[in-house]
Amino acid sequence: MVDEASLKVKSIDAYTVFDSRGYPTIECICELDNGASGKSIVPSGASTGTFEALELRDGDPQLFGGKSVHLAINHIKTSIQTAVLKSGVNNQERLDQLLIDLDGTANKSRFGANAILAVSMAYAHAVAQSKNLPLFESLNPDPSAHIIPLPEIQIFGGGAHSAGRIDLQDFMVICTGAENLMQCYQMTFDVYQAAGQLMKERGQMAGLADEGGYWPTFDSNTEVFVILEESILRAGYIPGKDISISLDIAATEFYTDGKYHLKLEDRYLSATQFAQVLDDWINKYAVCSIEDPFSEVDHIAWSTFTEKWGDKLQLIGDDLFVTNQRLLQQGIKQKLANSILIKLNQIGTVTETLQCIHLAQEAGWRPVISARSGETEDTFISHLAVATGAGQLKVGSFARSERMVKWNELLRIQRKISQSGQNPSFAVQTIRFPWDI
Ligand code: PGA
Ligand code: ZN
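A. Structural view of the sheet that holds strand S13 (residues 339-342). Here 8 strands make up a closed barrel; going around it, the order is S5-S6-S7-S11-S12-S13-S14-S15 and the pairing mixed. Averaged over all neighbouring strand pairs, the angle between strand axes comes to 30°, with direction disregarded. Note that strand S6 (residues 170-174) and strand S7 (residues 244-248) share 5 bridges and pair antiparallel. Of the residues in S7, the one forming a bridge with Ile174 is Ser244. Set on the sheet, helix H11 (residues 350-362) makes contact with S13 and strand S14 (366-370); between it and S13 the angle comes to about 165°.

As C-alpha coordinates, this is what we get:
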(Lines give C-alpha, C1' and ligand atoms only; values in the text may rest on other atoms or scores of the structure.)
(Ligands and ions follow the chains in the order given, each with its own letter.)
Protein backbone atom coordinates (compact mmCIF):
# COMPACT_ATOMS: atom_id res chain seq x y z
CA MET A 1 0.00 0.00 0.00
CA VAL A 2 1.19 3.49 -0.82
CA ASP A 3 1.19 6.03 1.98
CA GLU A 4 -1.45 8.60 0.94
CA ALA A 5 0.57 11.46 2.40
CA SER A 6 3.43 10.63 0.05
CA LEU A 7 1.22 11.42 -2.94
CA LYS A 8 1.57 15.15 -2.25
CA VAL A 9 3.17 17.15 -5.04
CA LYS A 10 6.78 18.20 -4.58
CA SER A 11 7.32 20.08 -7.84
CA ILE A 12 5.72 20.74 -11.21
CA ASP A 13 7.68 21.69 -14.30
CA ALA A 14 6.52 22.37 -17.84
CA TYR A 15 8.13 23.23 -21.16
CA THR A 16 7.41 23.35 -24.88
CA VAL A 17 7.45 20.26 -27.08
CA PHE A 18 5.73 19.74 -30.46
CA ASP A 19 2.72 17.73 -31.58
CA SER A 20 2.18 15.62 -34.73
CA ARG A 21 1.49 18.74 -36.83
CA GLY A 22 4.66 20.37 -35.52
CA TYR A 23 2.66 22.83 -33.41
CA PRO A 24 3.94 23.76 -29.94
CA THR A 25 2.31 22.03 -26.99
CA ILE A 26 3.02 21.45 -23.30
CA GLU A 27 5.01 18.67 -21.71
CA CYS A 28 4.62 18.61 -17.95
CA ILE A 29 6.54 16.74 -15.23
CA CYS A 30 4.97 16.30 -11.83
CA GLU A 31 7.15 15.03 -9.01
CA LEU A 32 5.70 13.71 -5.75
CA ASP A 33 6.99 13.73 -2.18
CA ASN A 34 7.75 10.01 -2.48
CA GLY A 35 10.12 10.63 -5.40
CA ALA A 36 7.83 9.23 -8.10
CA SER A 37 7.22 11.39 -11.14
CA GLY A 38 4.84 11.46 -14.08
CA LYS A 39 5.06 13.08 -17.49
CA SER A 40 2.24 14.17 -19.78
CA ILE A 41 1.90 15.83 -23.19
CA VAL A 42 -1.28 17.66 -24.20
CA PRO A 43 -2.92 17.01 -27.61
CA SER A 44 -4.70 19.61 -29.74
CA GLY A 45 -7.73 19.60 -32.07
CA ALA A 46 -8.36 21.27 -35.44
CA SER A 47 -12.12 20.88 -35.77
CA THR A 48 -12.82 22.08 -32.26
CA GLY A 49 -16.29 22.53 -30.79
CA THR A 50 -17.37 26.01 -29.70
CA PHE A 51 -18.14 24.84 -26.16
CA GLU A 52 -14.77 23.20 -25.50
CA ALA A 53 -12.59 24.45 -22.66
CA LEU A 54 -10.12 27.05 -23.88
CA GLU A 55 -6.73 26.06 -25.28
CA LEU A 56 -4.47 28.96 -24.33
CA ARG A 57 -2.02 30.03 -27.03
CA ASP A 58 0.15 33.16 -27.00
CA GLY A 59 -1.14 34.63 -30.26
CA ASP A 60 2.17 36.27 -31.19
CA PRO A 61 2.50 35.88 -34.97
CA GLN A 62 6.30 35.98 -34.64
CA LEU A 63 6.30 32.84 -32.46
CA PHE A 64 5.22 29.67 -34.26
CA GLY A 65 2.46 31.53 -36.08
CA GLY A 66 0.80 32.56 -32.82
CA LYS A 67 0.67 28.98 -31.53
CA SER A 68 3.37 29.09 -28.85
CA VAL A 69 2.21 28.18 -25.32
CA HIS A 70 4.46 30.25 -23.03
CA LEU A 71 1.56 31.84 -21.17
CA ALA A 72 0.07 28.45 -20.25
CA ILE A 73 3.51 27.12 -19.26
CA ASN A 74 4.12 30.15 -17.06
CA HIS A 75 0.78 29.57 -15.32
CA ILE A 76 1.89 26.02 -14.50
CA LYS A 77 5.29 27.08 -13.20
CA THR A 78 4.01 29.98 -11.11
CA SER A 79 0.37 30.22 -9.90
CA ILE A 80 -0.50 26.55 -10.30
CA GLN A 81 2.68 25.13 -8.77
CA THR A 82 2.57 27.54 -5.82
CA ALA A 83 -1.08 26.79 -5.00
CA VAL A 84 -0.75 23.02 -5.43
CA LEU A 85 2.32 22.79 -3.20
CA LYS A 86 0.72 25.01 -0.57
CA SER A 87 -2.54 23.01 -0.56
CA GLY A 88 -0.87 19.67 0.15
CA VAL A 89 -3.46 17.84 -2.03
CA ASN A 90 -2.72 14.12 -2.24
CA ASN A 91 -5.26 12.67 -4.64
CA GLN A 92 -6.53 13.19 -8.18
CA GLU A 93 -10.02 14.49 -7.30
CA ARG A 94 -8.72 17.07 -4.86
CA LEU A 95 -5.97 18.19 -7.20
CA ASP A 96 -8.40 18.60 -10.10
CA GLN A 97 -10.93 20.44 -7.93
CA LEU A 98 -8.19 22.77 -6.75
CA LEU A 99 -7.18 23.48 -10.36
CA ILE A 100 -10.82 24.15 -11.31
CA ASP A 101 -11.34 26.48 -8.34
CA LEU A 102 -8.06 28.28 -8.88
CA ASP A 103 -8.90 28.92 -12.51
CA GLY A 104 -12.39 30.04 -11.54
CA THR A 105 -13.80 30.33 -15.09
CA ALA A 106 -16.42 28.12 -16.74
CA ASN A 107 -14.15 27.23 -19.68
CA LYS A 108 -10.75 27.24 -17.95
CA SER A 109 -9.78 30.39 -19.81
CA ARG A 110 -7.65 31.88 -17.03
CA PHE A 111 -4.88 29.26 -17.03
CA GLY A 112 -5.92 27.47 -20.22
CA ALA A 113 -7.31 23.91 -20.31
CA ASN A 114 -3.98 22.86 -21.85
CA ALA A 115 -2.12 24.04 -18.73
CA ILE A 116 -4.61 22.43 -16.34
CA LEU A 117 -4.81 19.12 -18.21
CA ALA A 118 -1.02 18.86 -18.44
CA VAL A 119 -0.80 18.98 -14.64
CA SER A 120 -3.80 16.70 -14.12
CA MET A 121 -2.47 13.96 -16.44
CA ALA A 122 1.13 14.25 -15.18
CA TYR A 123 -0.17 13.74 -11.63
CA ALA A 124 -2.12 10.63 -12.70
CA HIS A 125 1.06 9.20 -14.26
CA ALA A 126 3.03 10.03 -11.09
CA VAL A 127 0.47 8.31 -8.84
CA ALA A 128 0.67 5.21 -11.05
CA GLN A 129 4.44 5.20 -10.73
CA SER A 130 4.14 5.56 -6.93
CA LYS A 131 1.94 2.48 -6.82
CA ASN A 132 4.23 0.68 -9.25
CA LEU A 133 1.19 0.03 -11.45
CA PRO A 134 0.49 0.62 -15.12
CA LEU A 135 -1.74 3.69 -15.55
CA PHE A 136 -4.90 1.71 -16.39
CA GLU A 137 -4.65 -0.23 -13.14
CA SER A 138 -3.88 2.86 -11.13
CA LEU A 139 -6.95 4.62 -12.61
CA ASN A 140 -9.11 1.59 -11.82
CA PRO A 141 -7.74 -1.26 -9.67
CA ASP A 142 -10.74 -3.54 -10.33
CA PRO A 143 -9.56 -6.15 -12.88
CA SER A 144 -13.12 -7.14 -13.79
CA ALA A 145 -13.71 -3.60 -15.12
CA HIS A 146 -10.81 -3.70 -17.58
CA ILE A 147 -11.87 -4.17 -21.19
CA ILE A 148 -9.67 -4.00 -24.29
CA PRO A 149 -11.56 -1.52 -26.50
CA LEU A 150 -12.76 -2.08 -30.03
CA PRO A 151 -10.76 0.29 -32.26
CA GLU A 152 -12.39 2.75 -34.64
CA ILE A 153 -9.73 3.31 -37.33
CA GLN A 154 -9.58 5.94 -40.07
CA ILE A 155 -8.99 4.97 -43.70
CA PHE A 156 -9.67 8.34 -45.38
CA GLY A 157 -9.24 11.70 -43.65
CA GLY A 158 -11.23 14.69 -44.86
CA GLY A 159 -12.69 17.95 -43.55
CA ALA A 160 -10.42 20.15 -41.44
CA HIS A 161 -7.78 17.40 -41.50
CA SER A 162 -7.21 17.67 -45.26
CA ALA A 163 -7.74 21.40 -45.85
CA GLY A 164 -11.43 20.79 -46.63
CA ARG A 165 -10.64 18.56 -49.63
CA ILE A 166 -13.92 16.70 -48.97
CA ASP A 167 -16.69 17.77 -46.59
CA LEU A 168 -16.94 14.71 -44.35
CA GLN A 169 -14.08 14.42 -41.87
CA ASP A 170 -13.47 10.75 -41.06
CA PHE A 171 -14.18 7.58 -43.02
CA MET A 172 -13.32 4.84 -40.56
CA VAL A 173 -13.77 1.10 -40.12
CA ILE A 174 -14.97 -0.81 -37.09
CA CYS A 175 -14.07 -4.50 -37.24
CA THR A 176 -17.31 -5.71 -35.68
CA GLY A 177 -16.43 -9.29 -36.69
CA ALA A 178 -13.03 -9.35 -34.98
CA GLU A 179 -12.64 -11.85 -32.17
CA ASN A 180 -9.66 -10.19 -30.57
CA LEU A 181 -7.45 -7.12 -30.84
CA MET A 182 -4.79 -8.67 -33.08
CA GLN A 183 -7.42 -9.94 -35.49
CA CYS A 184 -8.87 -6.45 -35.55
CA TYR A 185 -5.43 -5.00 -36.39
CA GLN A 186 -4.97 -7.65 -39.12
CA MET A 187 -8.33 -6.76 -40.68
CA THR A 188 -7.64 -3.03 -40.45
CA PHE A 189 -4.17 -3.48 -41.95
CA ASP A 190 -5.67 -5.43 -44.84
CA VAL A 191 -8.27 -2.75 -45.58
CA TYR A 192 -5.81 0.13 -45.18
CA GLN A 193 -3.35 -1.56 -47.58
CA ALA A 194 -6.12 -2.43 -50.06
CA ALA A 195 -7.39 1.16 -50.00
CA GLY A 196 -3.86 2.44 -50.64
CA GLN A 197 -3.43 0.05 -53.58
CA LEU A 198 -6.76 1.10 -55.01
CA MET A 199 -5.89 4.79 -54.75
CA LYS A 200 -2.60 4.12 -56.57
CA GLU A 201 -4.30 2.18 -59.36
CA ARG A 202 -6.84 4.95 -59.86
CA GLY A 203 -4.09 7.60 -59.91
CA GLN A 204 -5.64 9.13 -56.81
CA MET A 205 -2.86 8.57 -54.28
CA ALA A 206 -1.84 11.94 -52.88
CA GLY A 207 -0.38 11.11 -49.47
CA LEU A 208 -1.87 11.18 -46.01
CA ALA A 209 -4.16 13.53 -44.09
CA ASP A 210 -3.52 14.74 -40.51
CA GLU A 211 -4.48 11.50 -38.77
CA GLY A 212 -2.74 9.12 -41.20
CA GLY A 213 -5.75 8.24 -43.40
CA TYR A 214 -5.38 8.69 -47.16
CA TRP A 215 -5.68 12.20 -48.57
CA PRO A 216 -9.16 12.16 -50.15
CA THR A 217 -8.81 13.06 -53.83
CA PHE A 218 -12.50 12.41 -54.51
CA ASP A 219 -15.05 14.25 -56.64
CA SER A 220 -18.00 13.61 -54.35
CA ASN A 221 -18.56 12.53 -50.75
CA THR A 222 -20.43 9.46 -52.00
CA GLU A 223 -17.39 8.26 -54.00
CA VAL A 224 -15.56 7.67 -50.71
CA PHE A 225 -18.20 5.17 -49.57
CA VAL A 226 -17.83 3.28 -52.85
CA ILE A 227 -14.03 3.11 -52.59
CA LEU A 228 -14.12 2.16 -48.93
CA GLU A 229 -16.51 -0.73 -49.51
CA GLU A 230 -14.42 -1.82 -52.50
CA SER A 231 -11.35 -1.79 -50.24
CA ILE A 232 -13.09 -3.94 -47.62
CA LEU A 233 -14.14 -6.44 -50.31
CA ARG A 234 -10.71 -6.47 -51.94
CA ALA A 235 -9.19 -7.20 -48.53
CA GLY A 236 -11.42 -10.29 -48.39
CA TYR A 237 -14.05 -9.11 -45.92
CA ILE A 238 -17.78 -8.54 -46.09
CA PRO A 239 -18.96 -4.99 -45.42
CA GLY A 240 -21.59 -4.96 -42.68
CA LYS A 241 -20.65 -8.44 -41.47
CA ASP A 242 -16.92 -8.47 -40.79
CA ILE A 243 -16.25 -4.77 -41.04
CA SER A 244 -18.59 -1.77 -40.93
CA ILE A 245 -18.17 1.88 -41.81
CA SER A 246 -17.97 4.51 -39.12
CA LEU A 247 -18.23 8.21 -40.00
CA ASP A 248 -17.27 11.41 -38.29
CA ILE A 249 -19.22 13.96 -40.32
CA ALA A 250 -17.99 16.85 -38.11
CA ALA A 251 -20.98 18.78 -39.48
CA THR A 252 -20.40 21.88 -37.32
CA GLU A 253 -17.51 22.65 -39.67
CA PHE A 254 -19.78 23.14 -42.70
CA TYR A 255 -22.89 24.53 -41.02
CA THR A 256 -23.62 28.22 -41.62
CA ASP A 257 -26.81 30.25 -41.37
CA GLY A 258 -28.94 27.17 -40.77
CA LYS A 259 -27.63 25.30 -43.84
CA TYR A 260 -25.25 22.41 -44.38
CA HIS A 261 -22.89 23.42 -47.17
CA LEU A 262 -21.44 20.45 -49.06
CA LYS A 263 -18.72 22.35 -50.92
CA LEU A 264 -17.58 19.42 -53.00
CA GLU A 265 -21.05 19.10 -54.51
CA ASP A 266 -21.89 22.82 -54.26
CA ARG A 267 -25.11 22.14 -52.38
CA TYR A 268 -26.69 24.10 -49.50
CA LEU A 269 -29.00 21.77 -47.57
CA SER A 270 -31.50 22.27 -44.76
CA ALA A 271 -31.24 19.88 -41.80
CA THR A 272 -34.10 17.82 -43.25
CA GLN A 273 -32.43 17.63 -46.67
CA PHE A 274 -29.08 16.73 -45.12
CA ALA A 275 -30.78 14.04 -43.00
CA GLN A 276 -32.11 12.55 -46.26
CA VAL A 277 -28.59 12.46 -47.69
CA LEU A 278 -27.49 10.63 -44.53
CA ASP A 279 -30.47 8.25 -44.80
CA ASP A 280 -29.37 7.37 -48.35
CA TRP A 281 -25.80 6.66 -47.28
CA ILE A 282 -27.00 4.54 -44.34
CA ASN A 283 -29.40 2.57 -46.54
CA LYS A 284 -26.86 1.99 -49.30
CA TYR A 285 -23.62 1.38 -47.41
CA ALA A 286 -22.62 -0.62 -44.33
CA VAL A 287 -22.64 2.28 -41.87
CA CYS A 288 -22.78 1.33 -38.18
CA SER A 289 -21.78 4.54 -36.43
CA ILE A 290 -22.03 8.28 -37.13
CA GLU A 291 -20.39 11.05 -35.15
CA ASP A 292 -21.58 14.66 -35.31
CA PRO A 293 -24.09 14.20 -38.17
CA PHE A 294 -25.40 17.69 -37.40
CA SER A 295 -24.06 20.94 -36.01
CA GLU A 296 -23.42 21.39 -32.28
CA VAL A 297 -26.36 23.83 -32.10
CA ASP A 298 -28.88 22.00 -34.31
CA HIS A 299 -30.55 20.06 -31.48
CA ILE A 300 -33.83 19.45 -33.31
CA ALA A 301 -32.02 17.73 -36.19
CA TRP A 302 -30.12 15.58 -33.67
CA SER A 303 -33.19 14.42 -31.75
CA THR A 304 -35.22 13.72 -34.92
CA PHE A 305 -32.37 11.69 -36.39
CA THR A 306 -31.77 9.79 -33.13
CA GLU A 307 -35.45 8.93 -32.90
CA LYS A 308 -35.22 7.42 -36.37
CA TRP A 309 -31.85 5.65 -36.20
CA GLY A 310 -30.92 5.46 -32.50
CA ASP A 311 -31.80 1.79 -32.03
CA LYS A 312 -29.80 0.64 -35.07
CA LEU A 313 -26.77 2.89 -35.21
CA GLN A 314 -24.29 4.39 -32.84
CA LEU A 315 -24.82 8.18 -32.90
CA ILE A 316 -21.94 9.98 -31.23
CA GLY A 317 -21.91 13.56 -29.97
CA ASP A 318 -18.45 15.14 -30.15
CA ASP A 319 -18.78 18.91 -30.69
CA LEU A 320 -22.31 18.48 -29.33
CA PHE A 321 -21.20 17.43 -25.83
CA VAL A 322 -17.47 18.32 -25.68
CA THR A 323 -16.92 15.86 -22.77
CA ASN A 324 -18.99 18.23 -20.61
CA GLN A 325 -21.26 16.63 -18.00
CA ARG A 326 -23.80 19.44 -18.09
CA LEU A 327 -24.20 19.20 -21.87
CA LEU A 328 -24.28 15.40 -21.71
CA GLN A 329 -26.96 15.44 -19.01
CA GLN A 330 -29.08 17.70 -21.21
CA GLY A 331 -28.44 15.42 -24.20
CA ILE A 332 -29.47 12.32 -22.29
CA LYS A 333 -32.68 14.02 -21.16
CA GLN A 334 -33.52 15.20 -24.67
CA LYS A 335 -32.39 11.92 -26.31
CA LEU A 336 -30.10 13.82 -28.68
CA ALA A 337 -27.77 10.85 -29.37
CA ASN A 338 -26.81 7.50 -27.84
CA SER A 339 -23.06 7.86 -27.48
CA ILE A 340 -20.45 10.46 -26.55
CA LEU A 341 -16.93 11.10 -27.77
CA ILE A 342 -14.52 11.59 -24.88
CA LYS A 343 -11.51 13.89 -25.27
CA LEU A 344 -9.60 14.89 -22.15
CA ASN A 345 -8.62 18.32 -23.45
CA GLN A 346 -12.20 19.30 -24.29
CA ILE A 347 -12.90 19.55 -20.55
CA GLY A 348 -9.41 19.85 -19.05
CA THR A 349 -9.08 17.48 -16.06
CA VAL A 350 -8.82 13.72 -15.58
CA THR A 351 -11.52 13.72 -12.89
CA GLU A 352 -14.12 15.52 -15.00
CA THR A 353 -13.32 13.18 -17.89
CA LEU A 354 -13.86 10.10 -15.70
CA GLN A 355 -17.10 11.55 -14.33
CA CYS A 356 -18.37 12.21 -17.85
CA ILE A 357 -17.58 8.63 -18.91
CA HIS A 358 -19.43 7.26 -15.87
CA LEU A 359 -22.42 9.50 -16.49
CA ALA A 360 -22.67 8.16 -20.05
CA GLN A 361 -22.32 4.55 -18.88
CA GLU A 362 -24.98 4.96 -16.18
CA ALA A 363 -27.39 6.20 -18.84
CA GLY A 364 -26.64 3.14 -21.00
CA TRP A 365 -24.74 5.27 -23.51
CA ARG A 366 -21.46 4.22 -25.12
CA PRO A 367 -18.43 6.44 -24.46
CA VAL A 368 -15.82 6.43 -27.26
CA ILE A 369 -12.41 7.51 -25.98
CA SER A 370 -10.71 9.66 -28.59
CA ALA A 371 -7.41 11.20 -29.63
CA ARG A 372 -7.16 14.64 -31.27
CA SER A 373 -5.93 15.39 -34.77
CA GLY A 374 -2.83 16.99 -33.23
CA GLU A 375 -1.38 14.09 -31.23
CA THR A 376 1.72 13.17 -29.30
CA GLU A 377 3.62 10.18 -27.93
CA ASP A 378 1.52 10.23 -24.73
CA THR A 379 -0.52 7.02 -24.39
CA PHE A 380 -2.89 8.21 -21.65
CA ILE A 381 -6.03 7.50 -23.70
CA SER A 382 -5.18 3.83 -24.30
CA HIS A 383 -5.05 3.34 -20.52
CA LEU A 384 -8.17 5.44 -19.99
CA ALA A 385 -10.13 3.30 -22.45
CA VAL A 386 -9.12 0.03 -20.73
CA ALA A 387 -9.52 1.38 -17.18
CA THR A 388 -13.07 2.61 -17.72
CA GLY A 389 -14.26 -0.33 -19.82
CA ALA A 390 -15.49 2.28 -22.30
CA GLY A 391 -15.43 -0.31 -25.08
CA GLN A 392 -14.15 1.83 -27.94
CA LEU A 393 -11.06 3.83 -28.84
CA LYS A 394 -10.66 6.25 -31.76
CA VAL A 395 -7.12 7.29 -32.58
CA GLY A 396 -7.04 8.13 -36.29
CA SER A 397 -5.47 5.76 -38.80
CA PHE A 398 -3.27 2.67 -38.79
CA ALA A 399 -0.13 4.62 -39.67
CA ARG A 400 2.16 7.29 -38.17
CA SER A 401 3.80 6.94 -34.79
CA GLU A 402 1.56 9.32 -32.82
CA ARG A 403 -1.35 7.00 -33.77
CA MET A 404 0.46 3.64 -33.63
CA VAL A 405 1.84 4.39 -30.16
CA LYS A 406 -1.75 4.22 -28.87
CA TRP A 407 -2.62 1.03 -30.78
CA ASN A 408 0.67 -0.54 -29.64
CA GLU A 409 0.02 0.44 -26.04
CA LEU A 410 -3.20 -1.60 -26.14
CA LEU A 411 -1.11 -4.64 -27.10
CA ARG A 412 1.23 -3.99 -24.17
CA ILE A 413 -1.70 -3.58 -21.78
CA GLN A 414 -3.26 -6.79 -23.07
CA ARG A 415 0.05 -8.61 -22.53
CA LYS A 416 0.33 -7.19 -19.01
CA ILE A 417 -3.18 -8.40 -18.15
CA SER A 418 -2.35 -11.89 -19.47
CA GLN A 419 0.91 -11.99 -17.52
CA SER A 420 -0.97 -11.24 -14.32
CA GLY A 421 -2.97 -14.41 -14.89
CA GLN A 422 -6.15 -12.70 -16.05
CA ASN A 423 -7.89 -13.28 -19.33
CA PRO A 424 -8.03 -9.93 -21.16
CA SER A 425 -11.61 -9.33 -22.24
CA PHE A 426 -12.19 -7.76 -25.65
CA ALA A 427 -15.09 -5.33 -26.09
CA VAL A 428 -16.72 -7.30 -28.91
CA GLN A 429 -17.25 -10.22 -26.54
CA THR A 430 -18.18 -8.14 -23.51
CA ILE A 431 -20.24 -5.16 -24.59
CA ARG A 432 -23.51 -4.76 -26.43
CA PHE A 433 -23.19 -2.05 -29.06
CA PRO A 434 -26.04 -0.11 -30.68
CA TRP A 435 -25.44 -1.95 -33.96
CA ASP A 436 -25.81 -5.39 -32.31
CA ILE A 437 -29.26 -6.70 -32.96
P1 PGA B 1 -10.07 17.26 -33.93
O2 PGA B 1 -10.80 16.09 -34.70
O3 PGA B 1 -9.12 16.67 -32.95
O4 PGA B 1 -9.41 18.05 -35.02
O5 PGA B 1 -11.16 18.06 -33.24
C6 PGA B 1 -11.20 14.90 -34.11
C7 PGA B 1 -12.69 14.75 -34.12
O8 PGA B 1 -13.43 15.63 -34.60
O9 PGA B 1 -13.19 13.74 -33.64
ZN1 ZN C 1 -15.38 14.48 -34.14
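Read on, since the account is not over.
B. Inspection of the coordination of the zinc ion (ligand 2) at higher detail. Listed as protein donors to the zinc ion (ligand 2) are Asp248 (OD), Glu291 (OE) and Asp318 (OD); their distances from the metal cover 2.0 to 2.2 Å. Between consecutive donors of the zinc ion (ligand 2), the numbers of intervening residues give the motif D-x42-E-x26-D. With a gap of 70 residues between them, Asp248 in strand S7 and Asp318 in the loop between strand S12 (314-317) and helix H9 (325-333) connect regions that are remote in the sequence. There is no split in this pair, since Asp248 and Asp318 are both buried.

C. Helix H1 (residues 70-87), seen in detail. The first and last C-alpha atoms of H1 sit 25 Å apart over 18 residues, in line with the 26 Å expected at 1.5 Å per residue. Listing the buried residues of H1 in full gives Ala72, Ile73, Ile76, Ile80, Gln81, Ala83 and Val84. Residues of H1 that are buried sit in contact with strand S1 (9-18), strand S2 (24-32), helix H2 (92-103) and helix H3 (113-131). Remark: Gly88 follows H1 within two positions and exhibits a positive phi of approximately 70°.

Rules used in this analysis
- Residues numbered from 1 in each chain as written.
- Chains lettered and ligands numbered in written order.
- Predicted model: local features only at pLDDT ≥ 70, side-chain atom pairs only at ≥ 80, totals over all residues.
- Heavy atoms only, no water.
- Pairing = 2+ DSSP bridges.
- Helix = DSSP H or I, 4+ residues; strand = E, 2+ residues; numbered from the N terminus.
- Axes fitted to C-alpha atoms, helices over the stretch in contact; angles between N-to-C directions.
- Contact = heavy atoms within 4.5 Å.
- Donors = N, O, S within 2.8 Å, 3.2 Å for Na, K, Ca; no water.
- Buried < 20%, exposed > 50% of the residue type's maximum accessible area, 1.4 Å probe, protein only.
- Expected span 1.5 Å × (residues − 1).

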